[in-house]
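One-letter residues, chain by chain:
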Amino acid sequence: MLNDRKEKCKKEKMANSTSSENSSEDKSEEHMDVRLKHCLAYVLHTSGTTGTPKIVRVPHACIVPNIQHFRILFEITQEDVLFLASPLTFDPSVVEIFVALSSGASLLIVPTSVKVLPSKLAAVLFSHHRVTILQATPTLLRRFGSQLIKSTVLSASTSLRVLALGGEAFPSLAVLKSWREVGNRTQIFNIYGVTEVSSWATFYRIPEKSLNSTFKCELPVQLGFPLLGTVVEVRDTNGFRIQEGNGQVFLGGRNRVCFLDGEMTVPLGTMRATGDFATVKDGGLYFLGRKDSQIKRHGKRLNIELVQQVAEGLQQVESCAVIWYNQDKLILFMVSKNELVKDHIFKELAKHLPSHAIPDELVLIDSLPFTSHGKIDVSELNKIYLNYTNLKSENKLNGKEELWEKLQHLWKSILSPSEDSLEVPDESLFLRSGGDSFKSVRLLSEIETLVGTSVPGLLEVILSRSILEIYNHTLHTVFPGEDLTFSKTCATKRKFSDINQEETSGKSLHQKSVMPLNLDSERNAFMALSRGSQILSLNTTRFLTKLGHCPSAYSSDLTLQTNIQKVKSLHPPSLTGKSEDSTCVERTEDGTPVIGAEAVGLHVRWKSDTGKCVDASPLVVIPANDKPSATVYIGSHSHRMMAIDLYSGKVKWQQILGDRIESSACVSKCGNFIAVGCYNGLVYVLKSNNGEKYWMFTTEDAVKSSATVDPTTGLLYFGSHDQHAYALDIYEKKCVWKLKCGGAIFSSPCLNLIPHHLYFATLGGLLLAVNPATGTRVWKHSCGKPLFSSPQCCLQYVCIGCVDGNLLCFTHFGEQVWQFSTSEPIFSSPCTSISEQEIFFGSHDCFIYCCSMEGHLQWKFETTSRVYSTPFAFHNRNRSNEMLLATASTDGKLWILESKSGQLQSVFELPGEVFSSPVVWESMLIIGCRNNYVYCLDLLGSSEK
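Residues numbered from 1 in each chain as written. Predicted model: local features only at pLDDT ≥ 70, side-chain atom pairs only at ≥ 80, totals over all residues. Heavy atoms only, no water.

Focus on the overall build of the protein
So, point 1. Broken down by element type, the protein carries 20 helices and 57 strands.
So, point 2. Looking at the protein as a whole, 60% of its 945 residues qualify as buried.
So, point 3. Taking the contacts inside the protein whose residues are at least 6 apart along the sequence as the reference set, 56% of them involve residues at least 24 apart.
So, point 4. Carbon and sulfur atoms make up 51% of the accessible area of the protein, which amounts to about 38500 Å² in all. (Helix = DSSP H or I, 4+ residues; strand = E, 2+ residues; numbered from the N terminus. Buried < 20%, exposed > 50% of the residue type's maximum accessible area, 1.4 Å probe, protein only. Contact = heavy atoms within 4.5 Å. Areas by Shrake-Rupley, 256 points an atom, 1.4 Å probe, with all protein chains shown as cover.)

Laid out in structure tokens, this is it:
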């Protein structure tokens, strides 16, 4: 590498000496020229956090010695795993990458969304991938928090061999010792350097005896010794090198030279001023701080980094930062291990600091903001303090309702200022809505400004949970112990200490009155309809025959129609074939959709008050032996699960569950039970005839996923926000299997009979095919973005919508066949036509789409708002050969379209937002609304109208 280059350089000089005498040779020896071929390795910009921003062009000869030396220093082997902690815009990344690649070691790269979640990052680094080498800024390490550092990063059993901290002032030895668990053997290095002399210049390995010593050491950790090819000097104000005392650090070396800004040639051996001050004492070099860290306060000079080190050494402090705000106030920002009393902290600081170093103000924050390079973001701290001072002078919040309104406003002002008139959906995730680590700190600061207090743990909730859960988390801090308007937060792992002990035991609450599980086909024959035209038909052969239908193509005893295997016996045959062209539905000059001549009408048959918003979709169960007793099962935010007579709207029963219900109900194979998930982490199994609780199963987080029943085995499948998929045997009252899915599960699972696969989708972006009998994974696909949409199947394919705006189509063996792109996220689940020739879905771009099974657009219809709802395909009762499509937009409008053309047949506006999906039976459409009601509407033909 370097030796080869030197040899080549010598040969070139000898070849040129005869013609150019000494002139060119002298120049090449005394200067480095950026114009020479192969001179530069890379170009980057300094961030400006420690000086004026610069363009730095780095020659190979400057950076290669770093790579060579660190390979030797860290004793890198092929067995090592290095974490790429630095972004590519920060020159330490070059060392990380090429130390790994040139040694045959592994290089671990993780997404930014994982980097900003300390607990998740720690699990990825030290549990899943067993990282052995970590080069990072102290700020990045501090973000884990002292407890996680001690229990994981620097534990006795950690995989980490080497921890190299640089880019900022090294932590005090006392703090470093407090981070290590007894028995830890990680080698810890202090590394120092500047981008202008890329990348590192010095190293110092902390001696084991210093780490294990019980004696208190007041001196900072040494900067140590120069790296290969590097010259380090400390100079006084006159530019003379000093052997003892304080001065500014200069770095360089014959080949350790970079080109700054417009420089074309630089003399070899150039020394660069760093702006950093150090002291030389007894042959050791100690960092004092940056030039801009030296302030004059109360007539005395003060290094603000000293204040930070002392504060960080206090037992109650996780991490902290100090700024000199407007060159007027010394502000200490502190992340606490527990609720702090500010007076106590000031007393502790007074024991260790002179009076002129005591901060003016102490601000408690949830997490330190940091730049993309992993350093403290001073500009963001300034903003946080400005907001803090504003909040002290005025009361920002008057109540719980105002908190929700203002949280929505803050969310939109930070992420989508142009959508000010639209409400943010409850399940919106910050990182997937355009947020990042910088914006998350801003939102945190704004919320804490709004409520007038720090909200512990809020940053992690912002980064990993929905806006509703952010609201709930904040609500519990600001209004503790009150009867909250919304459900309890699911932001952290639940202990469920507030759940009735009888519920958590998994035993029946009404064992004496349990009805016999009579599986007689005549008594228990029924059909169940749920969103997306899903039909479960059990023991209905005789029933269907009486109605004039043909027997099912699959089984005379059970049928599963989930848009996978379409049961043609349930409906008259529909028209097949492609549309001639892909069209957008015709509109009048004022933008109103044109309604077709054979339009249907909608009229409210009945409505039922649930007490609060209804986001769940209805389940309609029609008994074969008593069709007029058909029942609608649906839950709401009021914690109520209700059974309503389909024809009359009369409430048959209602049961109060432990928390908010967004999950849609699922009927058991025998028809005697329904199952529904709840925000308190429980799955409730209720008797379908009276609502009595039969069994409760506990998960570790909210259950928003709707269950799916396997008609072949009777098992119930569902997902939880605890990142697991479950299979329950409700008759044996046991969990048959449990599978970790790599992300919270919001959507509903989908069962396919041939091949027998169960599909789950996660908010981590994974689509998984699972063996329903064993719970083992068959295949998985990473979609890259969260999946709120539920997977839906047909004979050949499984389809799903993604937050990135794509509808994805896969074979049942995991091969992606096609993707169709919309301009906004897709939360709507797909629905296929009876003929399986078309697939329907909605998007946040306000369109309803129809695609062919080859992924080609057939038509699209523009609604007046985002479409969250899943469409439902059904036959026009007045024209049996015509298929209609029902769906809803979030502004409360119900749309009835002709499914082959997208022609509008009818539109009806409900008095509230709609996130529920419609279900249609005969001439009735059932749907939930956020005005607290469940609606049943009659579909009327032209003569009926």
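After presenting the structure, the write-up continues.
Quick notes on the pairing of strand 33 (residues 682–687)
So, point 1. Of all six residues in strand 33, six are buried, a share of seventy percent or more.
So, point 2. Where burial is concerned, the two faces of strand 33 agree: the one with Leu682, Tyr684 and Leu686 and the one with Val683, Val685 and Lys687 are both buried.
So, point 3. Note: strand 32 (residues 673–677) against strand 33, five bridges, orientation antiparallel. What sits directly across from Gly677, in strand 33, is Val683.
So, point 4. What sits between the antiparallel neighbours strand 32 and strand 33 is a turn of four residues, in which Gly681 has the positive phi angle 90°. (Pairing = 2+ DSSP bridges.)

Considering the side chain of Ser638
So, point 1. Mapped onto the elements, Ser638 comes out in the loop between strand 28 (631–635) and strand 29 (640–645).
So, point 2. Given a relative accessible area of 18%, Ser638 falls into the buried group.
So, point 3. A distance of 2.6 Å separates a polar atom in the side chain of Ser638 from the backbone oxygen of Thr610. (Polar contact = N/O pair within 3.5 Å; in protein donor to acceptor, adjacent residues only side chain to side chain.)

Notes on the sheet that holds strand 55 (residues 919–921)
So, point 1. Pairing is antiparallel across the open sheet formed by four strands, whose spatial order is 26-57-56-55. On the outer flanks of this sheet lie strand 26 (601–609) and strand 55, each paired with one strand and no other. Each strand of the sheet is rotated relative to its neighbour by a mean of 25°, with strand direction disregarded.
So, point 2. The pairing of strand 55 with strand 56 (residues 924–928) spans three bridges and is classified as antiparallel. Note that in strand 56 the partner of Val920 across the bridge is Leu925. (Axes fitted to C-alpha atoms, helices over the stretch in contact; angles between N-to-C directions.)

What about the nonpolar core?
So, point 1. Counting 39 residues, the largest nonpolar core has Leu894 and Ile896 as its most contacted members.
So, point 2. When residues in this core are grouped by element, the largest group, five residues, is from strand 57 (residues 933–940).
So, point 3. If sequence neighbours within four positions are ignored, Leu894 has contacts with Leu602, Thr887, Ala888, Ser906, Val907, Phe908, Leu910, Leu925, Ile927 and Leu937.
So, point 4. By size, the runner-up hydrophobic cluster in this structure holds 38 residues, among which are Phe526, Val667, Ile674 and Val685. (Core = buried A, V, L, I, M, F, W, Y, C linked by side-chain atoms within 4.5 Å.)

Quick word on the side chain of Ser916
So, point 1. As for its position among the elements, Ser916 is in the loop between strand 54 (904–909) and strand 55.
So, point 2. Polar side-chain contacts of Ser916 include one of 2.9 Å to the backbone oxygen of Ala616.
So, point 3. When neighbours within four sequence positions are excluded, Ser916 is seen to be in contact with Val614, Asp615, Ala616, Ser617, Pro618, Ser869, Ile927 and Gly928.

Focus: the environment of Thr89
So, point 1. With respect to the secondary-structure elements, Thr89 resides in the loop between strand 4 (81–83) and helix 4 (92–101).
So, point 2. Its relative accessible area of 47% is what places Thr89 among the partly exposed residues.
So, point 3. Put simply, Thr89 and His373 are 284 residues apart on the chain and 7.6 Å apart in space, counted from C-alpha to C-alpha.
So, point 4. Filtering out sequence-adjacent residues up to four positions away, Thr89 remains in contact with Leu44, His45, Ser372 and His373.

With respect to the packing of helix 6 (residues 118–128) against helix 8 (residues 146–153)
So, point 1. The N-to-C vectors of helix 6 and helix 8 enclose an angle of 15°; their axes lie 11 Å apart at closest approach. What the angle tells us is that helix 6 and helix 8 run roughly parallel. When you trace helix 6 past helix 8, the crossing you get is right-handed. Only Leu148, Thr152 and Val153 of helix 8 make contact with helix 6, whose side of the interface consists of Pro118, Ser119, Ala122 and Phe126.
So, point 2. Among the residues forming the contact of helix 6 with helix 8, the class breakdown is five nonpolar, two polar and no charged. (Parallel < 35°, antiparallel > 145°, perpendicular 65-115°, else oblique. Left-handed = near helix turned anticlockwise from the far one by under 90°. Nonpolar A, V, L, I, M, F, W, Y, C, P; charged D, E, K, R; others polar.)

Regarding the confidence of the model for the protein
So, point 1. Here the protein averages 81 in pLDDT, while 80% of its residues score no lower than 70.
So, point 2. At the low end of the mean pLDDT range in the protein sits helix 18 (residues 501–504), at 35; at the high end sits strand 4, at 97.
So, point 3. The low-confidence segment residues 1–28 (pLDDT under 50) makes 16 contacts with residues lying over four places distant or belonging to another chain.
So, point 4. Every residue in residues 483–523 is under pLDDT 50, and counting partners more than four places away or in other chains gives 102 contacts. (pLDDT = per-residue confidence, 0-100.)

Some remarks on the pattern of salt bridges
So, point 1. Going through the model one piece at a time under the given rule, you end up with 21 salt bridges.
So, point 2. Between Glu196 and Lys54 there is a salt bridge; the shortest N-O distance is 3.1 Å. Residue Glu196 is found in the loop between strand 8 (187–192) and strand 9 (202–205), and its partner Lys54 is found in the loop between strand 2 (40–45) and strand 3 (55–59); the two are separated by 142 residues along the sequence.
So, point 3. The class for Lys54 is partly exposed, based on a relative accessible area of 22%.
So, point 4. Ionic pairing is found between Arg142 and Glu312, a salt bridge with its closest N-O pair at 2.0 Å. One end of the pair, Arg142, is in helix 7 (residues 138–142); the other, Glu312, is in helix 11 (residues 304–312), and 170 residues separate them in sequence.
So, point 5. Connected through salt bridges with shared partners, the residues Asp426, Asp615, Arg660, Glu662, Glu913 and Arg930 form a single ionic network. (Salt bridge = Lys/Arg side-chain N within 4 Å of Asp/Glu carboxyl O.)

Side note on the environment of Leu148
So, point 1. With respect to the helices and strands, Leu148 occurs in helix 8.
So, point 2. With a relative accessible area of 22%, Leu148 lands in the partly exposed category.
So, point 3. When the C-alpha atoms of Leu148 and Pro118 are compared, they prove to be 8.7 Å apart, with 30 residues separating the residues in sequence.
So, point 4. The residues touching Leu148, leaving out its near neighbours within four places in the chain, are Pro118, Ser119, Ala122 and Val153.

Some details on the packing of helix 3 (residues 60–73) against helix 4
So, point 1. With their axes 9 Å apart at the nearest point, helix 3 and helix 4 run at an angle of 55° to one another. By the criterion of interaxial angle, the relationship of helix 3 to helix 4 is oblique. Every pair of crossing elements has a handedness; the one defined by helix 3 and helix 4 is right-handed. For the pair helix 3 and helix 4, the contacting residues are Ile63, Asn66, Ile67, Phe70 and Arg71 in the first and Val94, Val95, Phe98 and Val99 in the second.
So, point 2. Looking at the contact of helix 3 with helix 4 residue by residue, the classes come out as seven nonpolar, one polar and one charged.

Examining the sheet that holds strand 40 (residues 757–761)
By definition, the strands of a sheet pair up through backbone hydrogen bonds, in either a parallel or an antiparallel sense.
So, point 1. Taking strand neighbours across the sheet as the criterion, the four strands line up as 39-40-41-42 in an open arrangement whose pairing is antiparallel. Only two strands of the sheet have a single neighbouring strand rather than two, namely strand 39 (750–752) and strand 42 (777–782). Averaged over neighbouring strand pairs, the angle between their axes works out to 20° when direction is ignored.
So, point 2. Bridging between strand 39 and strand 40 involves three bridges; their strand directions are antiparallel.

Quick look at the pairing of strand 44 (residues 797–801)
So, point 1. With five of five residues buried, strand 44 lies mostly within the body of the structure.
So, point 2. Residue alternation in strand 44 divides its side chains into two sets, Tyr797, Cys799 and Gly801 and Val798 and Ile800, and both sets are buried.
So, point 3. Direction of pairing for strand 43 (residues 792–793) relative to strand 44: antiparallel, over a ladder of two bridges. Bridge pairing links Cys793 to Val798 in strand 44.
So, point 4. With antiparallel pairing between neighbouring strands as the criterion, strand 43 and strand 44 make up a hairpin whose turn holds three residues.

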